[in-house]
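# Descriptive structure summary
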Amino acid sequence: MRKTTITSLFLLVCSISFAQSNSYWQQKADYKMDVKMDVKNYTYTGTQELIYTNNSPDTLKKVYFHLFNNAFQPGSEMDARLQSISDPDRRMVKTFKTPEKTTYESRISALKPNEIGFLKVLDFKQDGQSAETKTIGTILEVQLQKPILPNQKSTFTFNFDGQVPLQIRRSGRNSSEGIALSMAQWYPKMAEYDFQGWHADPYIAREFHGVWGNFDVKISLDKDYIIGGTGYLQNPNEIGYGYQDDGVVVKHSRKTKTLTWHFLAPDVHDFTWAADKDYIHDTAQVPGGAKLHFFYKNNPDIKENWKNLQPKAVQLMEFFNANVGPYPYKQYSIIQGGDGGMEYAMSTLILGNGTMQGLQGVTAHEMAHSWFQFVLATNESKHYWMDEGFTSFISDLAENAINEKKVDNPLEGSYKSYAFMVNSGKELPQTTHADRHDVNQIYSISAYSKGSVFLSQLGYVIGNENLMKTLRRYYKEFAFKHPTPNDFIRIAEKVSDTQLEWYLNDWTRTTNTIDYSIKEVVEKENKTSITLERIGRMPMPIDLYVEYTDGTAETFYIPLRMMFGEKLNPFTNLKRTVLADWAWSFGTYQFSIDKPKKSIKQIIIDPTEMMADIEKENNVYIQE
Ligand SMILES: [Zn+2]
């Protein structure tokens, strides 16, 4: 667990390029930005030079950029969304409650010109020649001066003007906890073009997809501000502010009014920062791994929690390193920022005033995203359950591992939420685009809870050891890429030597549910005949636990025919009998136990409850 050496990190990075199959390609965007921040007016100006490498087999005549700030304007798509959704994000609306009903008013619709967010691109040039641009909400469309052929590079240069919105949602100014600048999604960001074409999704406060590349960012602002964020600070001495291990913030003593912070971030697909005058900055070293940086307000009420968080954060990263794979960067920053918690490249912005438990929970979750999104960069808009769900799964396990008080099943909450969603009748398949979900609560459960159950239940299907092997191999093969659901399930198939397309299909592309029952238990000639029934449409292999009146117990395993394989015995201390397989089209399944019915105390389908059976009562037979 502590053997993560720099060498092994490099080996990982190197092996990736060799692991790429011939058909896979991904674009590259190398950014150079120089930004001047006016901390009084919350406006900024910048220059961007972007070297775009077209690794696709296609000739590109247009390119697209995201202008996320434009969402924070009256009349934007995000504003319209807030006004039409039944359960809007409470942070973004004013709530009016009467005994009869609750109504909401979008806070974005009330923003004044000096409070809105905006991002304007000026003087766009492609390889030195002017190119035509068109702003369409939160998207900039660029009509290229000359097409970019496959395997060609082109350099885009332009100026941009931005304003940090008053309304905080991930980014914004003066957060409820007093953080001056939360600079997420703050720059003109190249949209991703992949095997499914352009992903120029409008920003309506949901998910992201970005282009892999290197960032070289210079930020100039008032010398009293301290910046935390993505990347490695290149000039700590120049700005008079080193990364002290003792947490002492050394403010600059020179007479200069502004300082320029220079960051480099290699192999990332986003760049985020936050700044405040009152940040305390602490660091903690993960043995053999990354250095963790903590930026939080100099507020006596929260200091103890943020100090206690530091060893916990080290343990969390060690857990992820061991169970998924080594974190590949040299630093990770945990920054008190805008709202809630949001994952970014090599960093996270989180709320910082809550309880220690809450602080640890959000840190665990956002840090886990460094693996599931920031290194395994799935298209979140399309496959949100792969980043939120996988993150929830591994962070729930991590928290349980580092907590003194352990719970039997740290994933229980996800199963309960999933059951709630099924019963609500509002579930949509997980193939529904994130933006298309029109109930926030259902979206969240689908992404976080059902996504987490996808993994834990896969552990039921192929065995937990194979599940964890699958995660590690997935990380090894798809780090620094854009993996798809199919990429993941193919690895699970190879690791477990079973066929699993049915599992991916039923669970993620439909709302089919699982319901197996013990239909009948009858005695026949001193034997007990047991009949099981498949009531739900989704198939599953079955673990059956049988306990006898004499106190002994054994298990039976009914493989699922379409898997063409079996899992190892998960109950290593019990005798297991592998029965004939069960083919999906047969509604019932019958087998007998060589003992009289009266000797049976109880029979349970899936005693671990890792199979998300929506009707648990019929999973148990108890001898009267
Ligand atoms: Zn998340």
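Please read these numbers as outputs of a predicted model, since none were measured by experiment.

Conventions adopted
Residues numbered from 1 in each chain as written. Predicted model: local features only at pLDDT ≥ 70, side-chain atom pairs only at ≥ 80, totals over all residues. Heavy atoms only, no water. Salt bridge = Lys/Arg side-chain N within 4 Å of Asp/Glu carboxyl O. Helix = DSSP H or I, 4+ residues; strand = E, 2+ residues; numbered from the N terminus. Buried < 20%, exposed > 50% of the residue type's maximum accessible area, 1.4 Å probe, protein only. Contact = heavy atoms within 4.5 Å. Pairing = 2+ DSSP bridges. Donors = N, O, S within 2.8 Å, 3.2 Å for Na, K, Ca; no water. Tetrahedral: all angles 85-135°; square planar, octahedral: opposite > 155°, others 65-115°. Domains from an automatic or database assignment. Lys, Arg positive; Asp, Glu negative; His and termini not counted. Polar contact = N/O pair within 3.5 Å; in protein donor to acceptor, adjacent residues only side chain to side chain. Expected span 1.5 Å × (residues − 1). pLDDT = per-residue confidence, 0-100.

### Points about the pattern of salt bridges
Pairing between side chains of opposite charge can happen when their charged atoms approach one another. Taken as a whole and assessed by the stated rule, the structure comprises 26 salt bridges. Close ionic contact of Asp-278 with Lys-297 constitutes a salt bridge, the shortest N to O distance being 3.6 Å. You can see Asp-278 sitting in the loop between strand S20 (273-276) and strand S21 (279-285) and its partner Lys-297 sitting in strand S22 (residues 291-297), a full 19 residues away along the chain. The exposure class assigned to Asp-278 is partly exposed, which follows from its relative accessible area of 39%. The buried category is assigned to Lys-297, whose relative accessible area is 13%. The partner of Arg-509 in a salt bridge is Glu-501, and the shortest N-O contact between them spans 2.7 Å. A cluster of three or more residues bridged by salt bridges with shared partners is formed by Asp-89, Arg-91, Arg-169 and Asp-339.

### Some points on the side chain of Thr-138
Topologically, Thr-138 is positioned in the loop between strand S8 (132-136) and strand S9 (139-148). Of the residues examined, Thr-138 reaches a relative accessible area of 7% and is grouped as buried. Other than its neighbours up to four places away in sequence, Thr-138 contacts Phe-65, His-66, Leu-67, Phe-68, Asn-70, Ala-71, Pro-202 and Tyr-203.

### Notes on the pairing of strand S24 (residues 341-344)
Relative to strand S25 (residues 347-350), S24 runs antiparallel, the two being bridged by 4 bridges. For Met-342, the partnering residue across the bridge sits in S25 and is Leu-349.

### As for the coordination of the zinc ion
Distances from the zinc ion to its protein donors, His-365 (NE2), His-369 (NE2), Glu-388 (OE) and Glu-388 (OE), fall within 1.9 to 2.8 Å. Viewed at the metal, the 4 donor atoms of the zinc ion are separated by angles of 51 to 152°, and the geometry they form is irregular. Each donor residue of the zinc ion belongs to the same chain, and together they define the spacing H-x3-H-x18-E. Here His-365, found in helix H4 (residues 356-368), pairs with Glu-388, found in helix H5 (residues 380-402); they are 23 residues apart in sequence, far enough to count as distant.

### Brief notes about the sheet that holds strand S13 (residues 189-190)
With antiparallel pairing, the 4 strands of this open sheet are ordered in space as S8-S9-S3-S13. Bordering the open sheet on either side are S8 and S13, each of which pairs with just one other strand. The sheet contact formed by S8 and S9 spans 5 bridges and is antiparallel. Its bridge partner lying in S9, Thr-135 is registered against Leu-140.

### Looking at the domain arrangement of the protein
With domains assigned, the protein is organised as domain 1 (23-211), domain 2 (232-375), domain 3 (400-508) and domain 4 (516-622). Here the C-alpha centroids of domain 1 and domain 4 sit 53 Å apart.

### Digging into the sheet that holds strand S7 (residues 129-130)
Adjacent strands of a sheet pair through backbone hydrogen bonds, lying either parallel or antiparallel. The mixed open sheet is built from 8 strands, whose spatial order is S7-S6-S10-S2-S1-S16-S19-S18. This sheet does not close on itself; its edge strands, each paired only once, are S7 and strand S18 (232-233). As paired strands, strand S2 (residues 43-54) and strand S10 (residues 152-163) are joined by 12 bridges and run antiparallel to one another. Each residue of the ladder has a partner; that of Ile-51, found in S10, is Thr-155.

### Focus: helix H10 (residues 501-509)
For H10, the full list of buried residues reads Trp-502, Tyr-503, Leu-504, Asp-506, Trp-507 and Thr-508. If you follow the buried residues of H10, they end up packed against H5, helix H6 (412-424), helix H7 (440-462) and helix H9 (485-496).

### Structural notes on the side chain of Glu-207
Relative to the elements of secondary structure, Glu-207 occurs in the loop between strand S15 (197-198) and strand S16 (213-222). No salt bridge is formed by the buried Glu-207, whose closest oppositely charged neighbour, Arg-170, lies at an N-O distance of 4.9 Å. At 2.4 Å, the side chain of Glu-207 forms a polar contact with the side chain of Tyr-443. Contacts of Glu-207, omitting those with residues within four sequence positions, involve Glu-380, Ser-381, Tyr-384, Asp-387, Glu-388, Ala-434 and Tyr-443.

### What to know about H5
Taking 1.5 Å per residue, 23 residues should reach 33 Å; H5 reaches only 28 Å between its end C-alpha atoms and comes up short. A large share of H5 lies buried, amounting to 19 of its 23 residues. Put simply, Asn-379 is the residue that caps the front of H5, since its side-chain oxygen is 3.0 Å from the backbone nitrogen of Ser-381.

### Quick notes on the confidence of the model for the protein
Parts of the prediction with low pLDDT should not have their coordinates interpreted in detail. Taken residue by residue, the protein gives an average pLDDT of 93. The fraction at 70 or more is 94%. Considering only residues more than four positions removed or in separate chains, one finds that residues 1-20, a stretch of pLDDT under 50, has 25 contacts. In this model residues 243-248 is a low-confidence stretch, pLDDT under 50, and it forms 14 contacts with partners more than four residues away in sequence or in other chains.

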